[in-house]
Structures are given as C-alpha cells and as structure tokens.
Amino acid sequence: MIISSDEGADTQGWQASSQHDVQFYESDDFLAERVGAFIGAGLGAGDGAIVIATKEHRKQIERRLDAEGARPSAARLERRYVALDADETLARFMVDGSPDPKRFARVIGRLIRATAQRAGQTPRHVWVFGEMVALLWQEGNPGAAIRLEELWNELQDAHDPFSLCCAYPMRAFAGEEQRNAFIAICERHGRAIPAESYATLATPAERERAITLLQQRASSLEAEIAERRQIEAQLREMEARKDAFIVMASHELKTPVTSLKAFTQILQRRLASQTDPRTLAMLVRMETQLERLISLIGDLLDVSRMQSGILTYRDSSFDFDAMVRETVRDMQAVATAHTIQMEGESGTRVYGDRDRLSQALANLVANAIKYSPDAPTIFVRLGNIAEPGGGLVEVAVRDHGVGIAERHQAHIFERFYQADDERGGTYAGLGIGLFVAHQFVERHGGRLWVESREGEGSTFHMVLPCVRGEMMASPVEKAREGVS
Ligand code: ADP
C-alpha cells in the first residue's frame, strides 16, 4: 500500500515538494514500513529515489518496496533508484568528527542531480531517505547530527526541490537530559512524525485519547523529576553537613591525641631507667596505637577536605629515596612484629608534596603489615624507569599476606571500600587509606596499582614522574664517579 497525501495528511502524507520530515520509530519493522511508503510514493509516481541507510535497513526497506510493487530493482536499472550505505557515505564528507559543508554539498548535491537527470527532459523530482544523522547521534556525536540536519536544509534551499525524510529510533532520546537535543532535532524539520505507538492509531478519537494519556504521563514525570531534584538537593546538603562534621570531629580529636602521644614519649624517657621492661613495652605499644590513631585522623581530615575541594598541597623538589627511607624508618619504629626490608634506590628527585607522598607510602606499608599477620617480612623496593624527557620513579610495597581477590582489586581504591573477608578474619579500618593514597599519587601525575593473588600476597606499585633535567646521578654513575 502506498500512502498518498489524502490519507490522514497530518501524520501520513508524503509530498513531492521541498519538504524535510523526521520520522521517529520504535521498531525496525515500522521504520521499513514508513520508508517503504515514502520511497514507494516517489517510485510509484515515476520520480527518482535515494536511500542512504544501514545494510540491514536497506534490505528491509527494499523487501517492503518489492511487496508493495514499487519494483526497486527495475527502477535501479533505469537509474531512478539508488541505495547507499550510510556509514560509507558519511565517510565521504566527515572531517574531524564534523560534516564538512563543501564536501557534503558536492557529494550529496551530485547524487541528487544524477538521480533527477532524464535525457532530453526536465529533471524528475527526487525523494531522499537518509539515516546518517541517526548514526551520528547513536555514536554519541549529537552536535554533528544537528549540523548535518542544517546542511540538508541548506542544500534544499540551494537546490531544485527534493523531498527529504530522516528517521531516528525513539530510544536514542530516552532520558530527561535528551530533552533539549530532541527539541533541536524537531526544530530543524518541517514535520516531526511520531513513532508507531501514536502514528498507527487510526481514528481521531483514539489519537485524542493517546494524547491525553501522554499528557498525563508527561505531567506525572515532571512531578517525579521535581521531587527527585529536591531529594538530590537534600542529599547534597546532608553530605556537605556530614563532611563538615567529620572535619570538625577529626580536628577536635587530633589535638588531645597528639598531646597524648607527646606525654607517652616523655613517660618513656623518664621511666627508661627506673621501670621494669614490661611497663616500658606497654608504653611503646601505647605509642604505636596513638600513631595509628593520628594517621587515621589525618586521612579522615584529608578525605573531607578532598570532598569539599579545600585540600592544599605544599610542593617542592625533594630527594625521593630519602623520603622513602624516612617513612620506612618511622613505620619500622612502631611495627612490633614485622621487618620492613628496603631494596634498591632510584637516585631521583620528585617535585611535589613530600608529606602527602610519604603519607601515601605509609598507608601502603601499614596495609602490608595489617594484612600479613603470618608473614613478618615486608619488602619496599625502589627503582626508576628512564624515559626520554623525564623518567619515572617507582616504589613497590610487597607483602606475603592474605592477598586480594580479583573481584575486589578494581574497587579497593574507592572511598570507604573494604574488601569483605570470606576467611573470617577481622581487619578493622575505615576503607580510606588506599583512596587517600591514590588521590595523592594521581594529583602528582603518577599511578598507583596493585598486583595480588588471594592467599599469596600483594604488591602495590606507586610510580611518579621525576623532576625534569634534575635526575640525580644513578647508583651506577655514582660508582663510576667514585672510580675516576
Ligand atoms: P582499610 O581501612 O579497610 O584497610 P584501605 O583503603 O587501606 O582501607 O584498603 C581497602 C581494602 O583493600 C581493605 O579493606 C583490604 O581488604 C584491601 N587491602 C589493602 N591493602 C591490602 C594488602 N596489602 N593485602 C590485602 N588486602 C589489602
């Protein structure tokens, strides 16, 4: 069946004039039916027709044309009908992700003129169906799709009249954020034809009912969106209040805990000569716990500051190996059951916040200790990777502890993430140590990642860029200098 303009002219009629319609669709069957009717109207009237579509759609449309007796193969032989691949045609005028106006006018203008041409007679009218715009849209390039719609309009203004129809799947516009883009597409067309759930309704009464239903749905959706926005705003406010509370609470905790630590150290010194070793050992353990508490409070404060964007860094160029050695020494001083073994050196300077990078490393070492209760040696290896125009420094922290199951590995750097432990072991924590370390390393243009096998242990790699042109002499060079 070929739909002519007198059958429901507002939604169904195709006209042999310079019109630019857009057809929305839900199923490919409906698309084929509508395009079949559009192109069929042209071929049936002895006009020219062009289909620029995907392979699958071309096949479906031609099947439809055959079924309606529009005989596309015969029309092709008469050079009245051309079917082209949408991707290949796009490639002929797209430049850097955007349709090039001159190329578009040349490629498509020539195509339409060739199809319109009749030896010795006035050119025939041409009907064009194209879905290159929809492909651009679905590729996530709506700007190019809208631009291409405009180029089609410009071509229609500059050219002999041709009928033009494009089509978009309705699902491409799902979501409130698509609303403005959807309006932009409709505005660039003479007619926007609704998808089948509306367009196939036969009587005016049915259509009125459908519109009423849609209006109801739209107003309840709008109410829902308004409600959601309000809830989001409340959540944001609560989140901000929670962050402010954590900042305040950590601040309040930090002062007394820091002075407790100082008093413990004084006590240790005073009692060193007079007390039995067991009391001293308890004081040492007290200091270890206080140290852990101070570091946790520091991390908590940093997380909150990161969230509110007020974390500041104090950058300078510093000797990376010295920082690592110092951090390891401090950790070793409070580690009662583990030995931290240093390997290698990098001989490199890094530009950044020394204290924060030291904190990142300390968090890795603290985890290595915490998650390897039965493997008392932790390895910290330094090295560097030479690269033209810079170079990288690497520090790796290896333990032979419980390891991390693969499914957790991608998440452990997230805020508040803690891998649950199926083996039943309990490891206290807040799930922020790795988050903080990762943020610090990324902030310095570096990378932090883990290699781990459950039950075998983990290696955390931290890689940072070295100071350009300030690479210190490597151990080998130092040795050479010593010889000469
Ligand atoms: P937590 O306070 O829970 O230790 P982190 O952010 O430091 O928080 O680490 C996140 C999770 O990553 C931990 O809960 C733990 O499951 C896992 N993890 C971190 N380091 C190691 C490690 N060296 N060995 C095994 N698991 C680790």
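Each remark here, short or long, concerns the structure printed above.
Values in this document were obtained by computation on a predicted structure and should not be read as measured data.

(A) Representation of the sheet that holds strand E10 (residues 339–343) in the model. In space, the five strands of this open sheet follow the order E10-E12-E13-E15-E14, with mixed pairing throughout. With partners counted over all chains shown, the strands left at the sheet margins are E10 and strand E14 (447–453), one partner each. On average, adjacent strands in this sheet sit at an angle of 15° to one another, irrespective of strand direction. In this sheet, strand E15 (residues 457–465) lies alongside strand E13 (residues 392–399) in antiparallel orientation, the contact comprising eight bridges. Counterpart to Ala396 in the pairing with E15 is His461.

(B) Quick peek at helix H5 (residues 101–116). The end-to-end C-alpha separation of H5 is 22 Å, in line with the 22 Å expected for 16 residues at 1.5 Å each. Along H5, the positions that sit buried rather than exposed are Phe104, Val107, Ile108, Gly109, Leu111, Ile112, Thr115 and Ala116.

(C) Here's a closer look at the layout of surface pockets. In this structure, the second largest pocket occupies an estimated 1,200 Å³ of space. Surrounding the second largest pocket, 29 residues form its lining, Met170, Phe182, Leu214, Ala218 and Leu221 being those nearest its centre. When contributions to the lining of the second largest pocket are tallied by element, the ones reaching two or more residues are helix H8 (179–187), strand E8 (191–193), helix H9 (196–199) and helix H10 (204–271). With 11 residues, H10 is the single largest residue contributor to the lining of the second largest pocket. A per-class count over the lining of the second largest pocket returns 19 nonpolar, four polar and six charged.

(D) Seen up close, the sheet that holds strand E2 (residues 48–53). The six strands lie next to each other as E3-E2-E6-E7-E1-E8, forming an open sheet whose pairing is parallel. The open sheet is flanked by strand E3 (81–85) and E8, the only strands paired with a single partner. Taken pair by pair, the neighbouring strands of this sheet meet at an average axis angle of 15°, ignoring direction. In this structure, strand E6 (residues 126–130) lies alongside strand E7 (residues 162–169), joined through five bridges in parallel fashion. By the bridge assignment, Trp127 is partnered in E7 with Ser163. The sheet contacts of helix H1 (residues 28–44) involve strand E1 (20–25), E2, E3, E6, E7 and E8, and relative to E6 the element is tilted by about 165°. Sheet strands in contact with helix H7 (residues 142–158) are E1, E2, E6 and E7, and its direction is about 170° off that of E7.

(E) Quick peek at the side chain of Ser250. By secondary structure assignment, the location of Ser250 is in helix H10. Judged by relative accessible area, which is 2%, Ser250 ranks as buried. Ser250 has contacts with Ile297, Leu300 and Leu301, leaving out every residue within four places of it along the chain.

(F) A look at a nonpolar patch on the surface. There is a patch of nonpolar side chains on the surface, built from Ile231, Leu235 and Met238 and spanning about 300 Å² of accessible area. As for its position among the elements, Met238 is in helix H10.

(G) Structural view of empty space enclosed by the protein. Under the criterion given, the structure shown has one cavity of 30 Å³ or more. Quantified by volume, the largest cavity comes out at close to 50 Å³. As for the largest cavity, its lining consists of His20, Gly130, Glu131, Met132, Val133, Trp152, Leu164, Cys165 and Cys166. Secondary structure elements with two or more residues in the lining of the largest cavity: helix H6 (132–138) and E7.

The rules behind each value
- Residues numbered from 1 in each chain as written.
- Predicted model: local features only at pLDDT ≥ 70, side-chain atom pairs only at ≥ 80, totals over all residues.
- Heavy atoms only, no water.
- Pairing = 2+ DSSP bridges.
- Helix = DSSP H or I, 4+ residues; strand = E, 2+ residues; numbered from the N terminus.
- Axes fitted to C-alpha atoms, helices over the stretch in contact; angles between N-to-C directions.
- Expected span 1.5 Å × (residues − 1).
- Buried < 20%, exposed > 50% of the residue type's maximum accessible area, 1.4 Å probe, protein only.
- 1 Å grid on protein atoms, 1.4 Å probe; cavity = no way out; pocket = protein on both sides within 12 Å on 5 of 7 lines; lining within 4 Å.
- Points joined across faces, edges and corners; volume = space filled by probe spheres on them.
- Nonpolar A, V, L, I, M, F, W, Y, C, P; charged D, E, K, R; others polar.
- Contact = heavy atoms within 4.5 Å.
- Patch = residues over 30% accessible without salt bridge, like charges linked within 9 Å, V, L, I, M, F, W, Y side chains within 5 Å.
- Areas by Shrake-Rupley, 256 points an atom, 1.4 Å probe, with all protein chains shown as cover.
- Salt bridge = Lys/Arg side-chain N within 4 Å of Asp/Glu carboxyl O.

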